[in-house]
Amino acid sequence: MTELNSPARRFCGVVPPLVTPLRDRDTLDEPGLTRLLEHVLGGGVRGVFILGTTGEGPHLSYRLRRELITQTCEIVDGRAPVLVGVTDSAFAESAALAEVAADAGAAAVVLAPPYYVPTSQAELLGYVRRFAAESPLPVMLYNMPSLTKVWYEFETVRELTAIESIVGVKDSGGDLDYFQRLVSLRALRPDWSILIGPEHLLVESMQLGGDGGVAGGANAFPRLFVACYQAYVEGDAARVARLQQRIVDLQGIYAVGDDASRFIKATKCALSVLGICDDLPAEPLERFVGRHRDHIAAVVRKLETAETAAT
């Protein structure tokens, strides 16, 4: 098994894909953002990832994206690395956001395949090469085929190991065989960080040599995911099993709704139940109300009680 916490790797542990707290369709909830960042940093996370899927990046105006980058970096103030999602259907907009992220003090940018019009692997390879050459920051690849329609196929990723400024992969494909092949690329790039997206696969991914997870549930329960990660690093199998069961229990918040947006809306709803920030999603999404909110609140309160009892 690949050694965890290698000093050669830039990113490891739990890195929540931060939600974007909103007051209205194009206004950042700055107090909510501050509370959320203090909540996750206080929970021991190793970084924050903004403007990803959970952060609703593609649904936000470019003005708001720039504001979020600047505000996040100011609030974090060097306490943890900030990773910035720059995925867009327009190359120029991704490049512009990378410049904003660099100016604000972010640690890296995160790039998924351009969405809307699917690319061939040859086109994707050329796209990433050009982007990496222009980016002022290191680049993490983001494999999110359910939403971008295109995988970073393994051979494409293997060719991209030749680019020094590409520093790893966040994989949200959910295919552990593919994930294990990504880990095997450390034979070429021992410095690469390989992070899992689906939070319920955190332990399994680490057993395969992964470096940690970009866990949406860590917005609400950062200590749970950090404790699970640390228990695995320390070889405490019994504690890992107990904490993994709580992570499985947390998946109950996603058992409402019937499409991919439920993960975003449920995460924001959980944060609202905890009093951290409002649950307003970016348009065209609508927040959970009624029985859906009640269901999420029941799951959150049960886990909150368990967490309190454990401490």
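Anything mentioned here points back to the structure above.
Before going into details, it helps to say that this report is about the structure given with it. Computed from a predicted model, the values in this text were never measured in an experiment. (Residues numbered from 1 in each chain as written. Predicted model: local features only at pLDDT ≥ 70, side-chain atom pairs only at ≥ 80, totals over all residues. Heavy atoms only, no water.)

## Re the overall build of the protein chain
Along the backbone of the protein chain there are 12 helices and 10 strands. What you see for the protein chain is a C-alpha radius of gyration of 18 Å, in line with the 19 Å of a compact globule of 311 residues. At a minimum sequence separation of 6, the contacts of the protein chain that also span at least 24 residues come to 73%. Carbon and sulfur atoms provide 51% of the accessible area of the protein chain, an area that totals close to 12,800 Å². With 30 positive and 39 negative side-chain charges, the protein chain shows a separation of 3 Å between the mean positions of the two kinds. (Helix = DSSP H or I, 4+ residues; strand = E, 2+ residues; numbered from the N terminus. Rg over C-alpha atoms; globule rule 2.2 N^0.38 Å. Contact = heavy atoms within 4.5 Å. Areas by Shrake-Rupley, 256 points an atom, 1.4 Å probe, with all protein chains shown as cover. Lys, Arg positive; Asp, Glu negative; His and termini not counted. Charge placed at Lys NZ, Arg CZ, Asp CG, Glu CD.)

## Comments concerning helix α2 (residues 62–76)
Here α2 contains 15 residues, and its C-alpha end-to-end distance of 21 Å stays within 8% of the 21 Å for a straight helix at 1.5 Å per residue. Regarding α2, the residues found buried are L64, R65, L68, I69, T72, C73, I75 and V76. Buried positions in α2, seen along its axis, are confined to an arc of 165° and lie on one side of it. Once α2 ends, the next one or two residues include D77, with phi positive near 55°. (Expected span 1.5 Å × (residues − 1). Buried < 20%, exposed > 50% of the residue type's maximum accessible area, 1.4 Å probe, protein only. Arc of directions from axis to C-beta.)

## As for the pairing of strand β5 (residues 82–85)
The side chains of a regular strand alternate between both faces of the sheet. The side-chain alternation of β5 yields two buried faces, one formed by V82 and V84 and the other by L83 and G85. Judged from the three bridges that link them, strand β4 (residues 48–50) and β5 form a sheet pairing that is parallel. The residue bridging I50 from the neighbouring strand is V84, located in β5. At this point the chain moves from β4, through α2, to the parallel β5, and the crossover so formed is right-handed. Pairing of β5 with strand β6 (residues 108–111), which is carried by three bridges, proceeds in the parallel orientation. The residue bridging L83 from the neighbouring strand is A108, located in β6. (Pairing = 2+ DSSP bridges. Right-handed = clockwise from strand over helix to strand, strands pointing away.)

## Examining the packing of aromatic side chains
Aromatic ring pairs are reported here in terms of the distance separating the ring centres and the angle at which the planes meet. Counted by the stated rule, this structure contains five aromatic pairs. When the ring of F91 is compared with that of F131, the centres are 6.1 Å apart and the planes differ by 75°; the resulting orientation is edge-to-face. Highlighted residues: F91 in helix α3 (residues 91–104) and F131 in helix α4 (residues 121–134), separated in sequence by 40 residues. Here the aromatic rings of Y254 and F263 are separated by 5.0 Å at their centres, their planes lie at 45°, and the arrangement is tilted. Looking at Y254, the relative accessible area reads 8%, which means it is buried. Among the aromatic residues, ring-to-ring pairing joins F91, Y127 and F131 into one connected group. The side chain of R181 reaches across the aromatic face of F154, ending 4.0 Å from its centre. (Phe/Tyr/Trp six-rings, centres within 6.5 Å; stacked < 30°, edge-to-face > 60°. Lys NZ or Arg CZ within 6 Å of the ring centre and 35° of its normal.)

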